Amino acid sequence: MQKEGIQSTCPYCGVGCGVLTQGQQIIGDPNHPANCGALCVKGSALQESLVTPARLLYPKMGKSEISWQQATHEIATRIHTSVQHYGPDSVAMYVSGQLLTEDYYVANKLMKGYVGSANIDTNSRLCMSSAVAAHVRAFGEDVVPVNYEDIDDADLLVLVGANSAWTHPVLFRRIQQAKQRNPDLKMIVIDPRKTVTAEQADLHIPLANDGDVLLFNGLCRYLLDRQLTDASFVRQHTQGLDALCAELSHHRYQPEQVAGALNIPQSVVDKFYQWFAESTHVMTLFCQGINQSQSGVDKGNAIINTHLLSGKICRPGCGPFSLTGQPNAMGGREVGGLANQLAVHRGFDDESIARVQQFWNSPVIATQPGLKAVELFRAVARGDIKVLWIMATNPLVSMPDSDFIRQALKQCEFVIVSDMTSGTDTAADADLLLPAAGWGEKQGMVTNSERCLSRQRRFLNTPGEVRPDWWAVSQVGQQLCELMDVSNGFDFLSENDIFREYAALTEINRGTRYQLELSALAALSDAELEQWQPTRWPLDRSHPYQNRHFSTEDGRANLVVTPAPDIQPSSGWWLNTGRQRDQWHTMTRTGHVAKLAAGELEPTLYMNSGSAKALGLQEHTMARLSMSGEAWIWGKVAIDEGLQPRQLFMSMHWAGDYGGASQVNRVVRADYDPLSGQPAFKSGSVMIQPAPVTHYGLTVGHAHSMPVCEYLSMQREKKATVWRFATSERLCKTVPDVKSGERVLTLDQEQGWMKVALSQSAQSNILQVRGITLISTQPIIQDYLSYVALIDQPLDLAKLLALSHSSVSRTVCSCFRVTEQQIQQQLQNQKTLSLEALQDHLKCGTNCGSCLPEVNKLIASHQQSIDVVTVE
Ligand SMILES: Nc1nc2c(c(=O)[nH]1)N[C@H]1C(S)=C(S)[C@@H](COP(=O)(O)OP(=O)(O)OC[C@H]3O[C@@H](n4cnc5c(=O)[nH]c(N)nc54)[C@H](O)[C@@H]3O)O[C@H]1N2
Ligand SMILES: Nc1nc2c(c(=O)[nH]1)N[C@H]1C(S)=C(S)[C@@H](COP(=O)(O)OP(=O)(O)OC[C@H]3O[C@@H](n4cnc5c(=O)[nH]c(N)nc54)[C@H](O)[C@@H]3O)O[C@H]1N2
Ligand code: SF4
Ligand SMILES: [Mo]
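The structure displayed is predicted, hence computed values, not measured ones.

Parameters at a glance
Residues numbered from 1 in each chain as written. Chains lettered and ligands numbered in written order. Predicted model: local features only at pLDDT ≥ 70, side-chain atom pairs only at ≥ 80, totals over all residues. Heavy atoms only, no water. Pairing = 2+ DSSP bridges. Helix = DSSP H or I, 4+ residues; strand = E, 2+ residues; numbered from the N terminus. Axes fitted to C-alpha atoms, helices over the stretch in contact; angles between N-to-C directions. Contact = heavy atoms within 4.5 Å. Near = heavy atom within 4 Å. Polar contact = N/O pair within 3.5 Å; in protein donor to acceptor, adjacent residues only side chain to side chain. Areas by Shrake-Rupley, 256 points an atom, 1.4 Å probe, with all protein chains shown as cover. UniProt positions renumbered as here; feature names shortened; annotations may be inferred. Domains from an automatic or database assignment. Buried area = accessible area lost by both parts, 1.4 Å probe. Salt bridge = Lys/Arg side-chain N within 4 Å of Asp/Glu carboxyl O. Nonpolar A, V, L, I, M, F, W, Y, C, P; charged D, E, K, R; others polar. Phe/Tyr/Trp six-rings, centres within 6.5 Å; stacked < 30°, edge-to-face > 60°. Lys NZ or Arg CZ within 6 Å of the ring centre and 35° of its normal. Parallel < 35°, antiparallel > 145°, perpendicular 65-115°, else oblique. Left-handed = near helix turned anticlockwise from the far one by under 90°. Buried < 20%, exposed > 50% of the residue type's maximum accessible area, 1.4 Å probe, protein only.

Spatial ordering of the open sheet is given by E10-E9-E8-E12-E13, a layout of 5 strands whose pairing is parallel. In this open sheet, the two strands that pair with only one neighbour each are strand E10 (203-205) and strand E13 (319-322). Between one strand axis and the next, the sheet turns through 15 degrees on average, direction left out of account. Where strand E8 (residues 156-160) and strand E9 (residues 186-190) come together, 5 bridges link them in parallel fashion. Paired with Val 158 across the strands is Ile 188, a residue of E9. Against the sheet, helix H8 (residues 169-181) contacts E8, E9 and strand E12 (282-286), and its axis sits at roughly 140 degrees relative to E9.

Here the focus is the site of ligand 1. Ligand 1 sits among 35 residues. The nearest are Thr 167, Asp 191, Asp 212, Arg 579 and Gln 583. The separation between a nitrogen atom of ligand 1 and a polar side-chain atom of Lys 42 is 3.2 Å. Between ligand 1 and the protein, one listed contact pairs a nitrogen atom with a backbone N or O atom of Gln 580 at 2.8 Å. Calculation on ligand 1 without its partners gives an accessible area of 920 Å², and the protein chains cover 100% of this total. Elements represented by at least two residues in the shell around ligand 1 include exactly helix H7 (164-167), helix H15 (288-291) and strand E21 (573-578).

Per the UniProt record, the feature "domain: 4Fe-4S Mo/W bis-MGD-type" (unreviewed entry) sits at residues 3-53. Secondary structure content for residues 3-53 is 16% helix and 24% strand, while the C-alpha to C-alpha distance between its ends is 22 Å.

Here we take up the domain arrangement of the chain. When the domains of the chain are assigned, the result is domain 1 (6-50), domain 2 (61-123 + 338-536), domain 3 (128-322), domain 4 (573-688), domain 5 (695-805) and domain 6 (811-867). Taken residue by residue, the interface counts 5 residues in domain 4 and 8 residues in domain 6. Taking both sides of the interface into account, the surface hidden between domain 4 and domain 6 amounts to around 570 Å²; carbon and sulfur atoms contribute 43%. Looking only at domain 4, the three residues that lose the most surface to domain 6 are Arg 581, Lys 595 and Ala 598, adding up to 85% of its buried area. In this structure, the connection of domain 4 to domain 6 is made through 1 salt bridge. Run the count over domain 4 and domain 6 and you get 5 residue pairs in polar contact (both at pLDDT 80 or more). Split into classes, the residues belonging to the side of domain 4 that touches domain 6 amount to 2 nonpolar, no polar and 3 charged.

Going through the model one piece at a time under the given rule, you end up with 18 aromatic pairs. Between the aromatic rings of Phe 216 and Phe 272, the centroid separation amounts to 5.7 Å while the plane-to-plane angle is 80 degrees, which identifies the pairing as edge-to-face. Here Phe 216, found in helix H10 (residues 212-225), pairs with Phe 272, found in helix H14 (residues 266-278); they are 56 residues apart in sequence, far enough to count as distant. Grouped by ring-pair contacts, the aromatic residues Tyr 105, Trp 360, Phe 499, Tyr 502 and Trp 532 constitute a single cluster. Taking the ring centre of Trp 537 as reference, the NZ or CZ of Arg 451 above it sits at 5.7 Å. Taking the ring centre of Trp 471 as reference, the NZ or CZ of Arg 467 above it sits at 5.2 Å.

Our focus in this paragraph is the packing of helix H30 (residues 820-829) against helix H31 (residues 835-842). Between H30 and H31, whose axes approach to 10 Å, the crossing angle comes to 120 degrees. Regarding the angle of H30 to H31, the classification is oblique. Relative to H31, the crossing made by H30 is right-handed. Contacts from Gln 822, Ile 823, Gln 826 and Leu 827 of H30 reach H31 at Leu 838, His 841 and Leu 842. Grouping the constituent residues of the contact of H30 with H31 by class yields 4 nonpolar, 3 polar and no charged.

For the rest of this paragraph, the subject is the pattern of salt bridges. Throughout the structure, instances matching the rule amount to 42 salt bridges. With a shortest N-O distance of 2.7 Å, Arg 581 and Asp 582 are connected by a salt bridge. With respect to burial, Arg 581 and Asp 582 carry one shared label: buried. Salt bridges linked by common partners bring Arg 581, Asp 582, Arg 810, Glu 820 and Glu 854 together as one network.

Rendered as structure tokens:
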């Protein structure tokens with residue numbers, strides 16, 4: 001039963017939209033400052049996502065269900081024994097920006113204050129750690145110095161390495177609205193790919209991969225050479241100018257050199273620099289194209305340098321804006337859940353260690369940084385880490401070089417995984433599985449990109465023995481304290497107790513250079529926390545650093561010298577990875593939602609038509625990729641002219657049964673930024689070839705056992721499941737197996753055969769279709785949805801055979817399942833080419849609006865084709 005009228009926060013991206021439960025629906029909260037009622041396609045499918053497949057309901061050790069008491073006792077004992085025999089660093093936790101602040105806080109306290117090791121790292125290492133390091137280097141603290149409202153005051157928005165139209169859609173909508181209100185507001189998008197976001201920019205800069213430091217250093221040089229800096233701001237509020245000038249004096253930072261090295265026209269570079277210099281209010285929004293790089297931290301600092309030099313910071317409408325990925329990546333950074341922080345924005349200096357230890361009353365405390373994600377798993381593989389607790393993340397899919405992670409986990413003596421589902425790749429390698437309460441079943445605080453604390457609230461009953469993560473950690477903490485014979489630091493009765501303790505700990509920052517200070521919240525009662533409304537810190541409602549006093553020792557921001565890395569000549573093939581509009585990470589929450597699954601049907605490898613030609617590949621055929629020539633992954637080829645020659649793109653999502661062996665991180669190297677440790681997910685060099693396909697296959701129907709293939713993906717539709725496969729082996733007509741009692745009809749076709757599984761309905765003699773399989777030596781492009789529609793229907797052979805001439809079309813609007821083909825047809829039939837007329841017929845884009853950029857693009861291209869015809 002779902003409770004009515006509950007205010008909560010969306011569990012997906014860092015925009016942090018408010019939601020409300022209304023009957024059996026989840027809608028946008030009109031009163032939440034992050035979204036004012038709007039939701040994107042993922043947010044508006046939350047209700048459908050609530051039923052998690054393979055839900056984990058009881059703690060499980062191996063194959064047996066055990067009690068929580070047994071499970072937590074086992075963990076505490078394992079930790080205790082390991083610390084005694086091998087020292088505190090033999091224990092590690094790997095947690096997540098999708099935990100609540102309370103979960104994160106206790107996990108951090110357990111590891112750093114009671115195990116005595118800082119070996120607690122998080123998937124935020126893969127996501128935000130370069131931005132964190134850049135903030136700390138420039139400002140002395142990990143503070144995002146802008147608010148969402150600043151967008152409304154800006155004259156120029158620069159989006160760098162961010163495909164926000166897909167990844168932060170509600171924020172992107174805010175940008176579009178600001179543009180509508182202020183036609184002078186310009187938007188620049190800096191991305192090697194022409195993304196949907198870039199298509200809407202006033203200027204798109206398709207720079208060479210990792211050319212960002214060079215581009216932004218060039219901007220600094222431009223401002224300095226032309227005396228366009230804010231000299232008084234620089235003099236009074238920054239330090240490091242001389243060293244920066246020395247670096248920038250190199251002639252490679254001149255606009256013509258920059259343009260040449262980045263392979264873009266100089267006029268484009270000039271325009272960017274000129275717009276930046278001329279605009280009084282500039283914001284630079286950046287995300288994974290910046291962070292996920294071997295020069296990620298320098299990229300962040302190069303961006304911040306431009307704002308410091310020009311004084312376009314510390315006032316409304318200005319500043320660098322690191323967009324956070326996960327719903328509570330920011331909250332995790334606040335409590336200090338990264339291996340290189342201690343707690344509450346403090347590092348491992350003597351004073352911080354002493355104050356935190358005193359507050360925690362901790363028996364042992366970590367005194368130096370722990371291992372960062374990539375190194376942490378290497379230590380696991382070496383056998384240095386004996387007990388590893390993974391919580392709310394799926395590293396076997398999301399870490400680079402994921403086959404190595406699989407080996408590391410197999411090697412580890414004791415792996416605990418806390419998740420909502422046992423269906424993840426990581427859960428398969430766990431020794432102990434803990435059933436976690438998920439979104440809607442637990443409550444606590446999350447902090448979004450603009451430092452706004454909102455509450456996720458419970459509105460569902462908890463099934464089976466599922467428990468919130470904070471509870472599981474606290475239970476282990478209590479038992480560990482008993483074993484250590486120290487006073488209990490984990491006697492929390494509710495998430496509120498934990499939140500109050502966390503807020504109280506931030507008091508150590510009061511009156512210091514640190515901005516994170518929430519101690520006023522330590523006095524909130526349960527009732528007050530229940531009533532909590534979204535609140536930004538600093539709690540005095542000031543704009544961060546509005547007094548131009550930064551968090552460094554002397555209050556001056558650091559201009560950081562960021563030498564630009566050489567741009568690699570593009571002789572090889574470059575694999576860029578990232579997100580699709582409708583999926584969330586490793587698909588555990590969105591893979592089973594039919595309308596979200598329609599966005600990208602199978603593991604797809606994008607390239608432009610020139611690249612495809614060079615490789616001898618055609619759309620819908622299969623290519624295979626490898627990092628070292630050992631393991632290969634297969635992907636379905638699709639053409640995206642937004643990619644440059646020799647650039648490939650694949651989404652990070654395909655995992656578990658959905659993606660089979662085609663997980664992209666199997667071929668992404670574990671290279672990382674030396675300062676932040678953040679992996680360079682966006683610049684893998686790979687080998688690529690046409691895959692040696694003998695047979696392609698498509699099966700729609702109910703549970704089947706599918707053949708073992710190099711390529712096998714799965715998609716859930718409401719009525720049936722869809723499998724797509726390809727193999728180098730010759731398949732024979734027995735594939736796939738049919739269930740006993742089913743009858744089979746096999747029809748030879750031009751390039752293969754069709755196999756229909758039939759069952760007789762109990763009431764009549766009518767044969768009903770249970771499954772349809774197409775096998776062909778050629779790619780199968782027929783419209784799978786028409787086949788899905790035939791499942792569980794009486795056999796209609798004529799209809800079935802007619803479908804062999806259908807073809808699949810890309811879904812544009814997921815909410816109403818409108819395809820590109822339908823839109824094209826409607827546009828052809830329509831007298832006026834307006835969006836409104838289109839929507840009257842098809843409704844596309846009338847719910848969440850996430851597809852509007854694409855719908856508008858189709859209208860525009862149709863308009864163009866008409867223009868061309870008229871000119872001729
Ligand atoms: N739909 C959806 N939305 C999400 C998520 C999701 O899983 N699905 N996840 C959330 C999370 S955790 C995160 S971290 C964010 C990520 O949000 P984004 O960072 O916006 O998304 P990505 O697709 O990872 O990558 C962004 C862009 O970086 C570009 N890029 C690659 N290399 C370079 C480069 O060298 N320089 C520049 N300037 N750009 C480059 C890529 O071409 C890509 O278009 O999304 C959040 N929102
Ligand atoms: N190639 C490539 N790889 C990438 C990226 C990329 O751009 N390219 N991006 C990286 C980035 S930015 C990120 S953020 C990561 C994300 O990668 P992951 O964090 O590994 O991905 P998720 O699928 O979000 O994993 C979250 C897991 O937690 C479970 N879960 C959900 N709620 C709860 C809960 O309340 N408690 C518990 N205990 N479990 C819960 C889910 O079922 C799921 O299994 O991927 C990274 N990997
Ligand atoms: S923009 Fe982000 S927070 Fe908002 S509804 Fe979409 S996924 Fe949720
Ligand atoms: Mo992320």
